[in-house]
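Tertiary structure, described
Listed below, chain by chain, are the residues.
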Amino acid sequence: MSKKFIELHLGGHSIVHGFDADNKEISERVEAENFTKKTVAISRIKSVSENFILTDYMDGRLIYWEYKEDYETIKKALTK
């Protein structure tokens, strides 16, 4: 049975609302003072880099989240 959720400590994030006429991202930056523990559906995760986790959001939006965990730890958790 595969996991459906992963628990992460997420902080500041950028919400991508879409693109303008010049194909540039229309985004909104949200700062966070601390990281907050969240449970995220693995099906929402689009990619993980050493700096951000990209997830989908409602109405076709995307969110780039800062995270506290180590990249290798997240990678192992997602590829088990």
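Up top is the structure these notes are about.
The present account deals with the structure reproduced in this document. The structure presented is a predicted model; accordingly, all values stated were derived computationally and were not measured.

Observations regarding the environment of Asn23
Relative to the assigned elements, Asn23 resides in the loop between strand 1 (5-19) and strand 2 (25-30). Residue Asn23 is classed as exposed on the basis of its relative accessible area, which comes to 59%.

A word on unusual backbone geometry
In this structure, Asn23 takes a positive phi of about 65 degrees despite not being glycine. In this structure, Asp59 is a non-glycine residue whose phi angle is positive, near 55 degrees. Structurally, Asp59 is set in the loop between strand 5 (52-56) and strand 6 (62-67). Classification of Asp59 by relative accessible area gives exposed; the value is 67%.

About the criteria used
Residues numbered from 1 in each chain as written. Predicted model: local features only at pLDDT ≥ 70, side-chain atom pairs only at ≥ 80, totals over all residues. Heavy atoms only, no water. Helix = DSSP H or I, 4+ residues; strand = E, 2+ residues; numbered from the N terminus. Buried < 20%, exposed > 50% of the residue type's maximum accessible area, 1.4 Å probe, protein only.

Everything listed here is a matter of coordinates, which is why it stays silent on function.
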